[in-house]
2 protein chains.
Amino acid sequence: MSAMVFPFGAGAAQADPRASDKAVVGGKGANLAGMAAIGLPVPPGFTISAEICAAYAQGEHRIDDALREEVARAIAHIEAATGRGFGDAGNPLLVSVRSGARVSMPGMMDTVLDLGLNDATVEGLAQASGDARFAWDSYRRFIQIYGDVALGVDRNLFEDALEIAKEDNGFYTDVEMEAEHWQALVRDYKRIVEEETGAPFPQNVQTQLWGAIAAVFDSWDSERARVYRRLNAIPSEWGTAVTVQAMVFGNRDQNSATGVAFTRDPATGEKRCFGEWLVNAQGEDVVAGLRTPQYLTRAAREAARAKPLSMEEAMPEAFAELSGLFERLEAHFRDMLDIEFTVEQGRLWILQARVGKRTAAAALRMAVDMVAEGLIGEEDAIARIEPMALAQLLHPTLDPDAPRDLLARGLPASPGAASGAIVLDAESAERRAERGEAVILVRVETSPEDIHGMHAAVGILTARGGMTSHAAVVARGMGRPCITGTAAVAIDMAARRLSIGGRAMAEGDIITIDGATGEVMAGMVPLTQPELTGDFAVLMAWADHVAQRTGRRIGVRANADTPADCRIARQFGASGVGLCRTEHMFFQVDRIGAVRRFILSHEAGMKAAALAELLEQQREDFRAIFAEMQGLPVAVRLLDLPLHGFLPEGAGDYATLSQEIGLGVDHLRRLAQEMHEFNPLLGLRGCRLGVVHPDIYAMQVRAIVEAACALPEGEGPQRIEIMVPMACTGAELALIRGQIERVSSEVLRKAGRDVPLHVGAMIEVPRAALMAGDLAREASFFSFGSNDLTQTTLGMGREDAARFMGRYLDHRIYGTDPFITLDAEGVGQLIALAMERGRATRPDLEIGLCGEHGADPASIALCLGWGMDYVSASPYRVPVARLAAAQAALKA
Amino acid sequence: MSAMVFPFGAGAAQADPRASDKAVVGGKGANLAGMAAIGLPVPPGFTISAEICAAYAQGEHRIDDALREEVARAIAHIEAATGRGFGDAGNPLLVSVRSGARVSMPGMMDTVLDLGLNDATVEGLAQASGDARFAWDSYRRFIQIYGDVALGVDRNLFEDALEIAKEDNGFYTDVEMEAEHWQALVRDYKRIVEEETGAPFPQNVQTQLWGAIAAVFDSWDSERARVYRRLNAIPSEWGTAVTVQAMVFGNRDQNSATGVAFTRDPATGEKRCFGEWLVNAQGEDVVAGLRTPQYLTRAAREAARAKPLSMEEAMPEAFAELSGLFERLEAHFRDMLDIEFTVEQGRLWILQARVGKRTAAAALRMAVDMVAEGLIGEEDAIARIEPMALAQLLHPTLDPDAPRDLLARGLPASPGAASGAIVLDAESAERRAERGEAVILVRVETSPEDIHGMHAAVGILTARGGMTSHAAVVARGMGRPCITGTAAVAIDMAARRLSIGGRAMAEGDIITIDGATGEVMAGMVPLTQPELTGDFAVLMAWADHVAQRTGRRIGVRANADTPADCRIARQFGASGVGLCRTEHMFFQVDRIGAVRRFILSHEAGMKAAALAELLEQQREDFRAIFAEMQGLPVAVRLLDLPLHGFLPEGAGDYATLSQEIGLGVDHLRRLAQEMHEFNPLLGLRGCRLGVVHPDIYAMQVRAIVEAACALPEGEGPQRIEIMVPMACTGAELALIRGQIERVSSEVLRKAGRDVPLHVGAMIEVPRAALMAGDLAREASFFSFGSNDLTQTTLGMGREDAARFMGRYLDHRIYGTDPFITLDAEGVGQLIALAMERGRATRPDLEIGLCGEHGADPASIALCLGWGMDYVSASPYRVPVARLAAAQAALKA
């Protein structure tokens, strides 16, 4: 049987490679083992394998004897290294017990400090340290934390008792409490524990130890940990390791201290020592914020014009030793590190060192710098940047130093931050925006009718909907910051008022939203505009280079509906347009009238006139898009949305239309009502529109081909790909293809031009995937519409599923949200099968994917693995996708 | 190259087996060839292969020289046999040109008679026959029919000219027209043709011949023929054959006649000569109804107390010859025949003999009789009954002799006929029905809320919806006659009035509907109640016997939601319940309140109380069903419908609920609104309800298991199968299965009973099919919910597709409606794959299908081929399915 417990520090020899495997000992355990191995001053300790956590959960929370034996041996190792005894009243060993998962889950699980104190050892500690106040303070801290974490006693009871003790003594701060006061408080605390748990506070240090270990195991399955795992796609099977380590004390005296140091600036990436410290304090004191931490370096202190001495000035020797370790640590870990240290009576101890969190900008700078320094290679640099973090670089962000008045939190649906006046409908958004006002559109949820309002707004906030709701998808496409699913938003449209997080507000009030965090704040919070550094270009070049070198290359196109989208997409290196939707064009204010006339008029003449009007406008739309995408491929999707999506909304719309087409309002409303569909997703949409209303598609194809002919030779796209949505039989595609070819060949013949034009199928329903061999006979390319394909394969509507997906993820029915990361197991089977059958029919079939998944790194890796030619993502996600593609190429 | 033209009659030797292959020469051609071969007096002729029709359509309507040559040889054969010359002015040969598809499509395609007449041959005919009036009448008939069919001249122009001619001459009937009058009319007719077509009427008999052949080919693609094919699932690729045959004349003199005879009574199946005839007439005269046909036999004439002599009396020799052929014909064709005959100057000719149409009752009687007579075997008898026609036997039908005042036609959605007072909503239906009134529920379309009204009504009529709309499906399940998609129904709910086919009507007016034909009639039309004869039982026994003997057996269960359904299902021989839906139970008037309280209350106590109330009721529901199904398996589906399907509808409902649960009406309406789903089909339904609201499923499982325990040992079902709807991952099914087992084992433990209980998965979404291997680990059985599986695989909602499916069938994108016959090509792949993967995991996995397809014969054949254990159909369709299963077993 393999080892379950891995000692480190004080020369503990570790030949077992599992001792430094994060999957076994967790990130923290692996780091401690690593640091100890390179001779850093690490307090001795041991780590219990994360595998035990899983076994513990399955074994109905039992700990077996084999484990107890291994732990006993490891405790003996610490005792030997420190010369102290666990539970030895004369010279007591105190330990910390901490969690440590494979990836960091800060604050999610429990920690116990000062373990090993009891009524006997506290006296021993007082004697050994010569500091009774320290000993009794430590003991009450231990009872407090252990009572909370391992015994489930409400922590407020302890806090209250402390407050009462200070009041009784007439003290204002903890510092005034002397040894006897702490000792008295310990009595109170023990009484609280006994009252709450029905048993005295455990005096046996073994009982304490196993209670703490079990508490850490249990905390892996706490509600907050499960939510965090869901949000971060961490499998629950991983479990957490438990690290038990000898305590060192930064709160021993004025020659003791505790602090945090980063080997580089985590905000900017600059290579300089960064961090903070506190004299005579434990780590929690830094975290708790009761005392203000001080700067580490003199330069930083002076820059901030702060008075308290920096560590460099106050403890020059310890500081020199600490900063001297930076190079060694970076060389070992090949990354920027976040170090927790403690100075105990002048001696430096490293408690923890882990790869430091950083802003996207810092990550980028460090990666590029470290390549220059020879610390890492280009491929490491690529692998090291979280693709989604790149999105941060492309949108304005909140000034991190500005104060915030937080109102509520929702889902971070589209990154970037924005401040503006609240507006409650799309029309108001547009009207105010035209007056030059920055507005935030706040809706219960958005619909296609809101698009122009979303365009006009600087940000969008919705009460309902998930990360893939209409608002979220459209906002990401537009690059607008967006927060969805903000349950604390309640709107009273009649009164045109709302409340956010219980605070009453009205239209026109200013709020700020941070689409990267989901935070809604009152008032204006200053923004910082992104600066795209040279580092960005360098990294992107490496990414493309890697893809080229490995031969595992997948193109990244953009979903772009407007010339502006196209411009951004090109700027971000898109290799073409993978999806140009034509719905948004129809919704423009100056066109929707013609669309409605076409839909609701009964006169052939009026219908034809409406189509002719749209033809003029669409032709110009396409011309501008084609000009923008010169030399690159552009895939245009023919109309997909059901026609009832364009119906009039309010009384005003109906009145206007009634006048225009000479039918009564009631008649129009009845016609509109007749178009109602029970399940619009499965209704008269996609190329079914082309079958039932061939004139619409004919108009669109004419607009596309005439637009291409309107550009001089060589100034248009490399090729135009007409995408037929929702096709699911060969005959259906053949019919539509025939219609397309009739119109296009007529236009080309008239113009005397030859424009490279391809017709292809979107694979969006399971039947299309199954019949891919047939479809490929009629299609030059496939484009997977993975949103719809996921919806139909799972029989689950994205919008409606937003309400219950959380439950599904909690129950681990799906590992990750299938609308965010492709369901490789289910939908993936259909994709692989469709690709295989399609290429069997037509070996040169071009295959891409243009759903929301096209910007999701895990999904991109799948697409690369299946051998797709490209993915297509919204313009602001193009760099994300390019980087993800490079990472996938490296991994493959 | 194989022959394209097949001569028959007058000793034409035909060694080519294709000459009697219906696929080549059509039903009519094959019969003529067959009759000629057994020496019946068939006028000589030839048939052009149906393959030519398809080639003709593809070849852009060209006829090639090879065909012209073969036809010329065949014409020569007729000339030789008759001693007449085609176009020979001295002794002209006249021919008929008729269509003949593989299956009969009566009245759908065109026929030309008397071809070969022109200005010269008409004189020859007059001379040869010694009857100038007959010759000129024939010529004008030919111009009229040829002008209409081959030249596209409006037939009304000819009719008008005839009327004018009679008026000018002061005649009232055609009989008064003499040779010179017909001759003058021929001049008028020729002028009409020249004016309308710009060319003189063709005098060349070859031109006439090819014009007629082309017209028949063209008529295959006429609108009415295409609609007929769609409705009858006839592939357009079949094409029609063309039969050219020497004319014989029943209108030559008083010793000539024409008529139709059946070898058995097509209405009752009785073995007696049945038919009618007219002296001195052509076949059209019988059809046109200008003269009243007379009886064939004396017995029939006497029974009808008619005066005009029967053929038996008037032409005893010809009649004797005719009836003498019956045995020979039946022995040859091994079926009842419909014979067209002509007597020309005393000589009997058989023009056509084909298997006669018959009522379902007659079909049944004949099949059983013929087995007794040794004419056919049991297997033939089974193969010969159209399964869907059996449905006719099980429902009351309209008295065929009663007069009808037809108002409109809709889709024949559920067979049977009913008369009753119009009601416009479910409440009125129930109220009036309670008073003992027979009511017909007339709605734009129905929703689940209408169920109780549908139950109360004797029939259902909707303005919208297809053959598989809610109304249609539910009505078939209930055995209620139903007509859907009746566009001519317009309802004004505000005025509580409606119009049907333009006729204004009000609630309370009596109408009659025939769900087998789709006809809506004003007033009461008398009904005839079905009598289930012993023949029915005999046939059913044979059907089961065949399935047993061939070893290709597929069980037929029933979709039954009530004890009454179960009783009918048992009576019709169902081998169990394949789908017991629990939704209808929830909708009952005395329960829906509890359902709504559960859904909308925010108080846990009130929710629990509502569930407890439902538990009591559901337990009794199940107990009664289980008792009814003693000894047979019963599959119960847990709740599938989204909860918003049960929400209050009107203001009254809301007011009641508001009082009951103490929330304001506005609050309730807002809660209800929040439950709205964009695509309910893809929303929070099926076992997702079990994941999100485990208490509902727990209640249902408790009700099921307690109900089973409430019955004495041995008096319950053979086993209870709990069907989990919409599952699509193994983890999901495992979760629900765990919930089910926890509840059931608790109930069983308490009761000290052991009830055979299985848990299985409905395969209703593509992902479930793909993951069938995983699902089978958690499932004892699979049941394909083929409605939903079709909807999700095609990405097409059944209700919404009803509006455009017609277009899809017209375009041949689907060969048959995939919601009626399983889409073998697409959905079938998933079914086969799911079965294979499911059985790979669990070889004894029981597999059934319980969608609407379970009653469709073609789909049953597919299920049998895939090796399913059973299909499940609505109770009244059980015999249909049993017969279809036997037929499929025979074919396989």
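Here the structure is a predicted model, which is why all the values come from computation and not from measurement.

A closer look at the overall build of chain A
Check the secondary structure of chain A and you find 37 helices and 31 strands. Over its C-alpha atoms chain A spans a radius of gyration of 32 Å, differing by no more than 12% from the 29 Å that the globule rule assigns to 892 residues. Judged by the C-alpha coordinates and their principal axes, chain A covers about 100 × 60 × 55 Å. Burial status across chain A gives 57% buried among its 892 residues. Counting every atom, chain A has about 34,000 Å² of accessible surface; 50% of that belongs to carbon and sulfur. Placing the 87 positive and 119 negative side-chain charges of chain A at their respective mean positions leaves the two points 4 Å apart.

Overview of the relation of the copies chain B and chain A
Least-squares fitting of chain B to chain A yields an RMSD of 0.2 Å, with the transformation described by 0.0 Å of translation along the axis and a rotation of 180°. Here the transformation between the copies is reduced to the relation of a two-fold axis. Looking at chain B, 100% of its interface residues are interface residues in chain A too, so the copies touch through the same face.

Topic: the pattern of salt bridges
When charged atoms on two side chains of opposite charge get close, those side chains can pair. All names here are of chain A. A full pass over the atoms with the stated rule returns 122 salt bridges over all chains. Across the salt bridge formed by Arg-549 and Glu-379, the nearest N and O atoms sit 2.0 Å from each other. In this pair, Arg-549 is assigned in helix 20 (residues 534–550) and Glu-379 in helix 15 (residues 378–384), connecting sequence segments 170 residues apart. A residue is classified by how much of its surface remains accessible, and Arg-549, at 46% relative accessible area, is partly exposed. What makes Glu-379 partly exposed here is its relative accessible area of 33%.

Looking at the nonpolar core
Phe626(A), Phe782(A), Phe784(A), Phe626(B), Phe782(B) and Phe784(B) are the most contacted members of the largest nonpolar core, which has 299 residues in total. In contact with Phe784(A), not counting residues within four places along its chain, are Ile763(A), Leu789(A), Ile831(A), Ala834(A), Met835(A), Ile847(A), Gly848(A), Leu849(A), Cys850(A), Gly851(A) and Met868(A).

A word on the pairing of strand 30 (residues 846–849) of chain B
On a regular strand, one side chain projects to one face of the sheet and the next to the other, so that they alternate. Residue and element names in this part refer to chain B. Every second residue of strand 30 is oriented toward a common face, with Glu-846 and Gly-848 on one face and Ile-847 and Leu-849 on the other, all of them buried. As judged from the four bridges shared by strand 29 (residues 781–784) and strand 30, these two strands associate in the parallel manner. Along strand 30, the bridge assignment pairs Phe-781 with Glu-846. Between strand 30 and its parallel partner strand 31 (residues 870–873), the chain crosses via helix 36 (residues 857–866), and the hand of that crossover is right-handed.

Quick word on the confidence of the model for chain A
On average, residues of chain A carry a pLDDT of 89, and 97% of them reach 70 or more. Reported confidence for the predicted complex is 0.74 by ipTM and 0.75 by pTM.

Description of helix 5 (residues 132–149) of chain A
All names here are of chain A. Over its 18 residues, helix 5 extends 25 Å from the first C-alpha to the last, a length consistent with the 26 Å expected when each residue adds 1.5 Å. Of all the 18 residues making up helix 5, 14 are buried; the element is thus mostly covered by neighbouring parts of the structure. The backbone nitrogen of Arg-133 lies 3.3 Å from a side-chain oxygen of the residue at the head of helix 5, namely Asp-131.

What about a negative patch on the surface?
Residues and elements named next belong to chain A. Residues Asp-154, Glu-159, Asp-160 and Glu-196 make up a contiguous surface patch of negative charge. Structurally, Glu-196 is set in helix 7 (residues 179–197). We classify Glu-196 as partly exposed; its relative accessible area is 47%.

Looking at the interface of chain B and chain A
Taken together, the contact pairs 51 residues of chain B with 53 residues of chain A. Across the chain B to chain A interface the summed buried area is about 4,500 Å²; carbon plus sulfur atoms make up 56%. It is Phe678(B), Leu682(B) and Arg767(B) that lose the most area in chain B upon contact with chain A, and together they represent 14% of the buried surface on that side. Taken together, chain B and chain A are joined by four salt bridges. For Asp823(B), the salt bridge goes to Arg767(A), with nearest N and O atoms at 2.6 Å.

Some remarks on the packing of helix 23 (residues 589–600) of chain A against helix 24 (residues 604–628) of chain A
Residue and element names in this part refer to chain A. Where helix 23 contacts helix 24, the two axes come as close as 8 Å, and the packing angle between them is 145°. As for the relative orientation of helix 23 and helix 24, their crossing is left-handed in sense. In this structure, helix 23 uses Asp-590, Arg-591, Ala-594, Val-595, Arg-597, Phe-598 and Ile-599 to contact helix 24, whose residues at the interface are Met-606, Lys-607, Ala-610, Leu-611, Glu-613, Leu-614, Gln-617 and Asp-621. In the contact of helix 23 with helix 24, the residues fall into eight nonpolar, one polar and six charged.

Let's talk about the sheet that holds strand 25 (residues 577–580) of chain B
Residue and element names in this part refer to chain B. Strand order in the closed barrel formed by eight strands is 24-25-26-27-28-29-30-31, and the pairing between neighbours is parallel. With strand direction ignored, the average angle separating the axes of adjacent strands in the sheet is 30°. Across the face of the sheet, helix 24 (residues 604–628) comes into contact with strand 25, strand 26 (634–637) and strand 27 (720–724) while running at roughly 155° to strand 26.

Concerning the sheet that holds strand 8 (residues 294–295) of chain A
The strand order 8-7-6-9-10 (chain A) describes an open sheet built from five strands, whose pairing is antiparallel. Strand pairing shows two members of the sheet lacking a second neighbour, strand 8 and strand 10 (347–355) of chain A, which therefore form its edges.

Here's the deal with the packing of aromatic side chains
All names here are of chain B. Counted according to the given criterion, the structure contains 26 aromatic pairs over all chains. Relative to Phe-201, the ring of Tyr-146 has its centre 5.7 Å away and its plane inclined at 75°; by these criteria the two rings are edge-to-face. On the criterion of sequence distance, the pair formed by Tyr-146 in helix 5 (residues 132–149) and Phe-201 in the loop between helix 7 (179–197) and helix 8 (205–219) is long-range, its members being 55 residues apart. Each member of the pair Tyr-146 and Phe-201 is classed as buried.

Thoughts on unusual backbone geometry
All names here are of chain A. Positive phi, close to 45°, is recorded for Gln-345, a residue that is not glycine. For Gln-345, the location among the structural elements is in the loop between strand 9 (337–344) and strand 10. Residue Gln-345 is classed as partly exposed on the basis of its relative accessible area, which comes to 44%.

Considerations on the environment of Cys850(B)
All names here are of chain B. Topologically, Cys-850 is positioned in the loop between strand 30 and helix 36. Take Cys-850: its relative accessible area is 3%, and that puts it in the buried class. For the pair Cys-850 and Ala-558, spaced 292 residues apart in the sequence, the C-alpha separation amounts to 8.4 Å. Residues in contact with Cys-850, not counting those within four places in the same chain, are Asn-559, Gly-578, Leu-579, Met-723, Met-762, Ser-783, Phe-784 and Ser-872.

Some points on the side chain of Thr792(B)
Tracing the backbone through its elements, the reader meets Thr792(B) in helix 32 (residues 786–794). Classification of Thr792(B) as buried rests on a relative accessible area of 4%. Polar side-chain contacts of Thr792(B) include one of 3.3 Å to the backbone oxygen of Glu764(B). For Thr792(B), the contacting residues outside a window of four places in its chain are Pro766(A), Thr792(A), Gly795(A), Leu682(B), Glu764(B), Val765(B) and Pro766(B).

About the cut-offs
- Residues numbered from 1 in each chain as written.
- Chains lettered and ligands numbered in written order.
- Predicted model: local features only at pLDDT ≥ 70, side-chain atom pairs only at ≥ 80, totals over all residues.
- Heavy atoms only, no water.
- Helix = DSSP H or I, 4+ residues; strand = E, 2+ residues; numbered from the N terminus.
- Rg over C-alpha atoms; globule rule 2.2 N^0.38 Å.
- Buried < 20%, exposed > 50% of the residue type's maximum accessible area, 1.4 Å probe, protein only.
- Areas by Shrake-Rupley, 256 points an atom, 1.4 Å probe, with all protein chains shown as cover.
- Lys, Arg positive; Asp, Glu negative; His and termini not counted.
- Charge placed at Lys NZ, Arg CZ, Asp CG, Glu CD.
- Least-squares fit on C-alpha atoms with pLDDT ≥ 70 in both.
- Contact = heavy atoms within 4.5 Å.
- Salt bridge = Lys/Arg side-chain N within 4 Å of Asp/Glu carboxyl O.
- Core = buried A, V, L, I, M, F, W, Y, C linked by side-chain atoms within 4.5 Å.
- Pairing = 2+ DSSP bridges.
- Right-handed = clockwise from strand over helix to strand, strands pointing away.
- pLDDT = per-residue confidence, 0-100.
- Expected span 1.5 Å × (residues − 1).
- Polar contact = N/O pair within 3.5 Å; in protein donor to acceptor, adjacent residues only side chain to side chain.
- Patch = residues over 30% accessible without salt bridge, like charges linked within 9 Å, V, L, I, M, F, W, Y side chains within 5 Å.
- Buried area = accessible area lost by both parts, 1.4 Å probe.
- Axes fitted to C-alpha atoms, helices over the stretch in contact; angles between N-to-C directions.
- Left-handed = near helix turned anticlockwise from the far one by under 90°.
- Nonpolar A, V, L, I, M, F, W, Y, C, P; charged D, E, K, R; others polar.
- Phe/Tyr/Trp six-rings, centres within 6.5 Å; stacked < 30°, edge-to-face > 60°.

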